[in-house]
Amino acid sequence: MEKNSSAGFMPRIPPACEGIQVNFCKNPGCENYGIPAAQTTGRGAQRDRYAVVSAGRQYPVLKCHACGEYPPLKSNQGIAEERKRLGVYLSVPPEPSCPDFDCVNHGISVSRGSPHYRRYGTTRSGSKRYRCNTCTKTFSVGDATVGQKQPHKNRLIFQLLMNRSPFRRLCEIADIAPGTLYPKLDFLHRQCLAFVGHRERRLLEGFSIPRLYIGVDRQDYVVNWTQREDKRNVQLTAVGSADNVTRYVFGMHLNFDPDVAADVIEQDAATLGDGELQMPFRRHARLWLASDYAAAQHRAKSALSSADGTLNGAVAARYKDAESRSDVEVFEEPGRTTQLPKSGMQVHAEYTLYGHCFLLRDLSMGAEKVRLFLDQDSGMRAAVLGAFAERVTERSADAFYVRINKDMTVDDRKHALKRSRERFHALEEERPDLDRQALRLLLIKEALADMSVIGHWKDRWLTHPFPSMSEPEKAVCYLTDHDDYDEDHLARLYNKASLHAIDTFFMQVRRRLSLLERPIATASNNRRVWHGYSAYNPRSIVQLLEMFRVFYNYVLVGMDKQTPAMRLGLAKGRVSLEDIVYFQP
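Definitions and cut-offs
- Residues numbered from 1 in each chain as written.
- Predicted model: local features only at pLDDT ≥ 70, side-chain atom pairs only at ≥ 80, totals over all residues.
- Heavy atoms only, no water.
- Pairing = 2+ DSSP bridges.
- Helix = DSSP H or I, 4+ residues; strand = E, 2+ residues; numbered from the N terminus.
- Axes fitted to C-alpha atoms, helices over the stretch in contact; angles between N-to-C directions.
- Buried < 20%, exposed > 50% of the residue type's maximum accessible area, 1.4 Å probe, protein only.
- Contact = heavy atoms within 4.5 Å.
- Expected span 1.5 Å × (residues − 1).
- Bend = angle between axes of the 7 residues up to and from the residue.
- Salt bridge = Lys/Arg side-chain N within 4 Å of Asp/Glu carboxyl O.
- Polar contact = N/O pair within 3.5 Å; in protein donor to acceptor, adjacent residues only side chain to side chain.
- Phe/Tyr/Trp six-rings, centres within 6.5 Å; stacked < 30°, edge-to-face > 60°.
- Parallel < 35°, antiparallel > 145°, perpendicular 65-115°, else oblique.
- Left-handed = near helix turned anticlockwise from the far one by under 90°.
- Nonpolar A, V, L, I, M, F, W, Y, C, P; charged D, E, K, R; others polar.

Undergrad: I tried to follow the pairing of strand β14 (residues 459-463) on my own but got confused; where do I start?
TA: Sheet analysis places strand β13 (residues 452-454) next to β14, joined by three bridges and oriented antiparallel. Along β14, the bridge assignment pairs Val453 with Arg460. Counted between consecutive antiparallel strands, the loop separating β13 from β14 contains four residues, among which Gly455 sits at a positive phi close to 85°. In terms of strand pairing, β14 meets strand β15 (residues 474-478) through three bridges, oriented antiparallel. Bridged to Leu462 within β15 is Val476.

Written as structure tokens, this is what we have:
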């Protein structure tokens, strides 16, 4: 087969795409932070800020001449494609108009009224009919449930899906055939996206928010094998972001694209000669090709770095793992017990991270200040510092690592909480002149004076003095410290550092969505994972995560009788299931 390879002309760095260019130093303290590498370089005064070097076959990286860091190159086109995929629900849907493409009224909405259209009765199903005043063609505009035989069951099915009902039990309770469920799921998913898109477009328009304290983390899911001849699972990762104050979840995105065909992409990649190009210069850089996945399985490490049992030791081990990778931003490690999805395509998780962070940047543009609290993950750090570079530079955004010891037993958590409370009560007696908030800040300022320097990048970590049952032992690292905040301001920021909002959402996903319960490992030597309720098609996971985000933000109320959307200002009251299921823009 003849290949139309572009290897003959290779740009120095991947070109910008739709305003996205992430190939720059990700060290916020460096003078080159946020300044992209140039397409040309020379000697002396013509020398670029960066050199392009290799970290291994297929992995070109930049070398920053100012600070010596080695940020890996990424495809801006791949990031733009992923941002578009994740944010497609925010597009304004086209309004109904004359269907005749040659008519001057085509594209002019029926809402414009009598100069263009006139009412022309209804159809047998009750849909409104209109007649075009120019071409006299008649057409109908139906509601969301047009063509459905049992629309009255939509609300019940939605409610059951959001309350841990396995698909078979759901069909029994709703008295529907299994073949009816998946079209219903498609319909409910479309309605949820239409509803939340209508609400969240206000965020893109600069909806005013004083402060956002957003936790960013990821959660892994397993898709069951479908053939006895190949009992390998599909492992996917979703990245989520939630505000710690309002608990509003801004996104929950899986590294899986259900709308692309693997055979078409593989054929196109072969025709273009993608396999001959380095990863960031490929046309389909964001998608896992079968050959790349097999190569990744072959070089997979057998084990991660071991820690010494302490929280700081776990932090150091995570840094060591990142250093050992050819691309520090890549955390996926396909193994011999995993495989690619049978339909759709798996997306390189770092591209989903970038797409998620650029979408989060756009949704938070109306916030005066944005503080981002990240799980300790080098890919997450790069995505946030890449997407929010302009805001970090202008000091309207900050980023922190937050590492939590989640391996403590319930008794250990209780003891840690007890010790913290005893210390706090002793300080209250010692300093009766200070209120509780001032005492908290005092303890944090004491911790600021005793920070630990960990890892190759010499990051400074603070051991947080206030544990909770959900975060019993916590360390925090300020990634965008420009040394321009006084000690009191720093203490307040460290006091806010938490992942509790997104972790609470993750917990609810596990508890409320039967397909996403924690799977169990079999007793076989190769530790294959299978669970009776888990999904067989990753598309269902994408749909349920997006539906549950809407349900969580607009329907579930907290102890204060408010939903996250009410606290954020996107809703005046709790939204009923009917308002979502039968939403009409």
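There is more to say after this.
Undergrad: Explain the sheet that holds β13 here, please?
TA: In any sheet, the strands associate via hydrogen bonds between backbone groups, in a parallel or an antiparallel arrangement. In spatial order, the strands read β8-β7-β6-β11-β12-β15-β14-β13; together these eight strands make up an open sheet with mixed pairing. Unpaired on one side and paired on the other, β8 (249-254) and β13 mark the two borders of the sheet. Each strand of the sheet is rotated relative to its neighbour by a mean of 25°, with strand direction disregarded. Sheet topology places strand β6 (residues 209-223) next to strand β11 (residues 367-375); seven bridges connect them, and they run parallel.

Undergrad: Please explain helix α1 (residues 76-86) as it appears in this structure.
TA: α1 sits mainly inside the fold: eight of its eleven residues count as buried. Those residues of α1 not exposed but buried are Asn76, Gly78, Ile79, Ala80, Glu82, Arg83, Arg85 and Leu86. Turning to α1, the residues buried within the fold contact β8, β9 (256-257) and α8 (349-363).

Undergrad: For this particular structure, what's the right way to read unusual backbone geometry?
TA: What is expected of a backbone is that most residues other than glycine have negative phi and most peptide bonds are trans. With phi around 65°, Arg164 is a residue other than glycine that occupies positive phi space. Structurally, Arg164 is set in the loop between α2 (154-161) and α3 (167-174). Residue Arg164 is classed as partly exposed on the basis of its relative accessible area, which comes to 43%. With a phi angle near 55°, Asp483 is a residue other than glycine that sits in the positive phi range. Along the polypeptide, Asp483 turns up in the loop between β15 and α13 (487-496).

Undergrad: For this particular structure, what's the right way to read helix α4 (residues 178-204)?
TA: For the α-helix, the turn length of 3.6 residues means that residues three or four positions removed from each other point alike. With 27 residues, α4 extends 39 Å from end C-alpha to end C-alpha; this agrees with the ideal 39 Å at 1.5 Å per step. Within α4, the axis deviates most sharply at His198, by approximately 35°. Of the residues one or two after α4, Gly206 is the one with positive phi, at around 90°.

Undergrad: Would you explain the pattern of salt bridges in this entry?
TA: In a structure, side chains of opposite charge can pair up when their charged atoms sit close to one another. Under the defined criterion, the tally for this structure stands at 29 salt bridges. Between Arg12 and Asp48 there is a salt bridge whose closest N-O contact spans 2.7 Å. Highlighted residues: Arg12 in the segment before β1 (50-54) and Asp48 in the segment before β1, separated in sequence by 36 residues. Assigned by exposure class, Arg12 and Asp48 land together as buried. Its salt-bridge partner being Asp377, residue Arg218 comes within 2.7 Å of it at the nearest N-O pair. Taken together, the residues Arg218 in strand β6 and Asp377 in the loop between β11 and α9 (378-387) connect sequence positions 159 residues apart. Given a relative accessible area of 4%, Asp377 falls into the buried group. One salt-bridge network, held together by shared partners, links Glu81, Glu82, Arg85, Asp257, Arg283 and Arg286.

Undergrad: Could you clarify how one ought to interpret the environment of Glu471 in this entry?
TA: Note on placement: Glu471 falls in the loop between β14 and β15. Along the chain, Glu471 and Arg129 lie 342 residues apart, while their C-alpha atoms are 58 Å from each other. Apart from the residues lying within four places of it in its own chain, the contact partners of Glu471 are Ile404, Ser498, Leu499 and His500. Among the polar contacts listed, one links the side chain of Glu471 to the backbone nitrogen of Leu499, at a separation of 2.9 Å.

Undergrad: Looking at this model, I keep getting lost on the sheet that holds strand β5 (residues 138-141). Mind explaining?
TA: A sheet is described by the order of its strands in space; here three strands give the open sequence β3-β4-β5, paired in antiparallel fashion. At either margin of the open sheet sits one strand with a lone partner, and together these are β3 (117-122) and β5. Averaged over all neighbouring strand pairs, the angle between strand axes comes to 35°, with direction disregarded. One ladder, built from four bridges, connects strand β4 (residues 128-132) with β5; its direction is antiparallel. Across the sheet, the residue bridging to Arg131 is Thr138, located in β5.

Undergrad: How should the packing of aromatic side chains be read in this particular structure?
TA: For any pair of aromatic rings, geometry is given as the distance between the ring centres together with the angle between the planes. Tallied over the entire structure, the rule returns 22 aromatic pairs. Between Phe195 and Tyr554 the ring centres are 5.1 Å apart and the planes differ by 85°, which places this aromatic pair in the edge-to-face class. Here Tyr554 lies in helix α15 (residues 538-554) and Phe195 lies in helix α4, a separation of 359 residues in the sequence. A relative accessible area of 2% means that Phe195 is categorised as buried. According to the relative accessible area criterion, Tyr554 is buried, its value standing at 0%.

Undergrad: Looking at this model, I keep getting lost on the packing of α4 against α15. Mind explaining?
TA: How two helices sit against one another is set out by the angle between their axes and by the gap between those axes. Relative to each other, α4 and α15 sit at 45°, their axes nearing to 9 Å. Here α4 lies oblique to α15, going by the angle between them. Crossing hand, α4 versus α15: left-handed. Along its contact with α4, which presents Tyr182, Leu185, Asp186, Leu188, His189, Cys192, Leu193, Phe195, Val196, Arg199 and Glu200, the element α15 presents Ser540, Gln543, Leu544, Glu546, Met547, Arg549, Val550 and Tyr554. When its residues are assigned to classes, the contact of α4 with α15 shows eleven nonpolar, three polar and five charged.

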